[in-house]
Amino acid sequence: MKFLDTTLRDGEQTPGVSLVPENKLRIAQRLDELGVDFIEAGFAAVSEGELESVRLIAKQGLRAQIYSAARGTINDIDAVLKSGASGICMIIPTSDLHIECKLRKTREQVLKATEECVQYAKAHGLTVELLAEDATRSDFNYLSKVFQTAVNAGADRLVPCDTVGILTPERTAEFFSKLKEAFDVPIGVHCHNDFGMAVANSVAALGAGAQEAHATVNGLGERAGNAAIEEIVITLRSLYKLDLNIKTELLYGTSQLVSRLTGIHVQPNKAVVGENAFTHESGIHTQGLLSNPLTYEPITPELVGRTRRLSPGKHSGSHAIRQDLQNMGLMPTEEQFKEIFQRIKELGDKGKTVMDADVLAIAENVMGLSPIRPIQLQEMTFVGGDKVTATASVKLRLNGKDVWGAAVGVGPVDAAINAVKAAIAEVEPITLEQYNVKAITGGTDAMVEVVVRMRKGNRTVTAMGVREDIVKASMEAVLSGMNVLTTDYNHKNQKAKPQTSP
Ligand code: MN
C-alpha cells in the first residue's frame, strides 16, 4: 500500500492558496517524516516559482520520491527534467468532453501524444505515473486503449482520476476490479470529494486491488477537495487493521502546519484532525469517558498526536466540572459544588459559550474566595503602522513580582501577545494553541470578541476577551487563559473545607 501526497499540487489548487517555495519545502519535509512514499511537489511547467519549488524539494535527498505534474507535451516534460524530480504525474484527459472541449483534439491525437510523451519521459529516466483525467466519465474501451498504449511505451503505474468526484463505492469497486484484471502494472486511485465520498471511494478502490492512493492533507483541493490523507490512513489502520508505514502520531501536527501555511482552516467537526474530533461536552459522555475513553472514542487521540479535551458547557456533567476545578486546586463542599454546577448550566442556557475562565470565576464567587490572579497587566505600549515594525512592550505583575517583556510581531496583536509570552516565558511555559476573533456588532467601533485556547503541559483551557479594541480584547483573553492555567489554590490558604465524598 503506497501513498502519493498531492497537497503541494492538487491541494495547492485550492482557491486562494499559493505557497512560496520555502513553505512548500517545510510541508514536503513534514510529509517525508510522516512516511508518504511519493510527494507530488508541484507543476514544474506552470511558472518559474513552481519549477523552483519542485527543484528545491527534489534536491533535499528526502526518503520520499519527488514527482512533478505535467501535461502530455514535450515542453512540460522538459520542465520536469529541469526540476530534478525523479518521477512524473503525466496528466492525459480521456473523456470526450475533455478531449473535445478542453484540448480541442481527437481521440487518435491523444493516443499518439500519450505514446510519444511516455516514451520521451522514460527515455530521460523518469518514473511515469499516467493520470487519466476524467477517467470515470470516459468510454471504458477508449480509456483501456490509452492505458495499454502507455504501458507499451513504458509507463510504470496507471491512475484513473475521478476528476469531478462522481464515483460511488459500489461503482468504484467494479471499475477498479475491471482495470485490475486488464493490467499488470500497479494501479492508483485519485478521488475528489464533490459528493463527500472521496475517502470512501479511495478505500473501495484499494479493496478492489488498487495499490496506491493519491490524497491531500486536510482534504485540500479544488472545489470540495481531494481525499483526505489522514482519513484514509486512520480508516485503513483502525477499521481494516492494516499495517502502514505512516507515522500516524504526526497526522495532527501535519494538519496544523498545512492549515497555518495555507491559511485554510480545518472545519471543527472534521474527522481525525478537526478541533472537536476529541472534544467532549455532554455530561453523559464525559462520565463514560472518564471511566473508559472507549465509550465515546473509536480511536485514542494519542494515535493521531492529539489529546482529549473536556469542554465546559451546559451539557457538561459534574465529573468534568469537578476535574476542571481540581486542576485549579479548588475543592468546594458538596453544597458549593451544586451551586457552581447550576450557574454554569444557566450560563449555557443563555446561549453563552462557557469558558474555563468562567468556571473559575463562578467557583471563586460561590466559594467566597477573593480571586487570585497570578498575572496582572500593569502597563502596555504598542506602536505600529505602515513601514513600521509592530512592536509592543508590557509590564506584568507575576506572583507579586514585576516582569517586563518586549517583542515585535506581524501586527499589534501579534506583537502584544509575543511581549506577554516573553515576559512570562521563564516562569510559565504556556503556549497559545488557537486564536479566533470576531466582531459582534457592526461598524468600525464594533465590540470585538477574542477566544483563545492555551496550553500548559497536558492541560488546555479556553478564555475570552470582549472589548472595543482588538489589541485589548486579545490581551484580556490571553491573560485570562494564562491566569486559569497558573491559578492553584492548593498553594494558598484555602478557607473552604476540603470535599470529602464525591
Ligand atoms: Mn485531481
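In this text the structure is predicted, and so the values were computed from the model without any measurement.

## Quick word on the sheet that holds strand E12 (residues 390-398)
- As summarised here, the arrangement of the three strands in space is E11-E12-E13, forming an open sheet in which the pairing is antiparallel. The outermost strands of the open sheet, each flanked by one partner alone, are strand E11 (375-383) and strand E13 (401-409). Ignoring strand direction, the axes of neighbouring strands in this sheet form an average angle of 15 degrees.
- In the sheet, E11 pairs with E12 via eight bridges, with the strands oriented antiparallel. The partner of Gln376 across the bridge, within E12, is Arg397.
- Each of E11, E12 and E13 touches helix H15 (residues 412-424); the most contacted strand, E13, lies at about 140 degrees to it.
- Most of the contacts of helix H16 (residues 470-486) go to E11, to which it runs at about 150 degrees, and overall it touches E11 and E12.

## Digging into the sheet that holds strand E5 (residues 127-133)
- One closed barrel holds the eight strands; their spatial order is E1-E2-E3-E4-E5-E6-E7-E8, and the pairing between them is parallel. For this sheet, the mean angle separating the axes of adjacent strands, direction not counted, is 25 degrees.
- Relative to strand E8 (residues 212-215), strand E1 (residues 2-5) is paired through four bridges, and the arrangement is parallel. By the bridge assignment, Lys2 is partnered in E8 with Glu212.
- In the packing of helix H3 (residues 74-83) onto the sheet, contacts are made with strand E3 (65-71) and strand E4 (87-93), and the angle to E3 comes to roughly 160 degrees.

## Quick word on unusual backbone geometry
- Positioned with a positive phi, Lys241 is a non-glycine residue whose angle comes to about 55 degrees.
- Note on placement: Lys241 falls in the loop between helix H9 (229-239) and helix H10 (251-262).
- Since its relative accessible area comes to 67%, Lys241 is described here as exposed.
- Notably, Val272 is not glycine yet its phi reads approximately 70 degrees, a positive angle.
- Residue position: Val272 is located in the loop between H10 and strand E9 (279-280).

## Notes on the confidence of the model for the chain
- When the pLDDT values of the chain are averaged, the result is 91; 97% of them are 70 or greater.
- In this model, residues 493-502 is a region of pLDDT below 50 whose contacts with residues beyond four sequence positions or in other chains number 21 contacts.

Criteria and cut-off values
Residues numbered from 1 in each chain as written. Predicted model: local features only at pLDDT ≥ 70, side-chain atom pairs only at ≥ 80, totals over all residues. Heavy atoms only, no water. Pairing = 2+ DSSP bridges. Helix = DSSP H or I, 4+ residues; strand = E, 2+ residues; numbered from the N terminus. Axes fitted to C-alpha atoms, helices over the stretch in contact; angles between N-to-C directions. Contact = heavy atoms within 4.5 Å. Buried < 20%, exposed > 50% of the residue type's maximum accessible area, 1.4 Å probe, protein only. pLDDT = per-residue confidence, 0-100.

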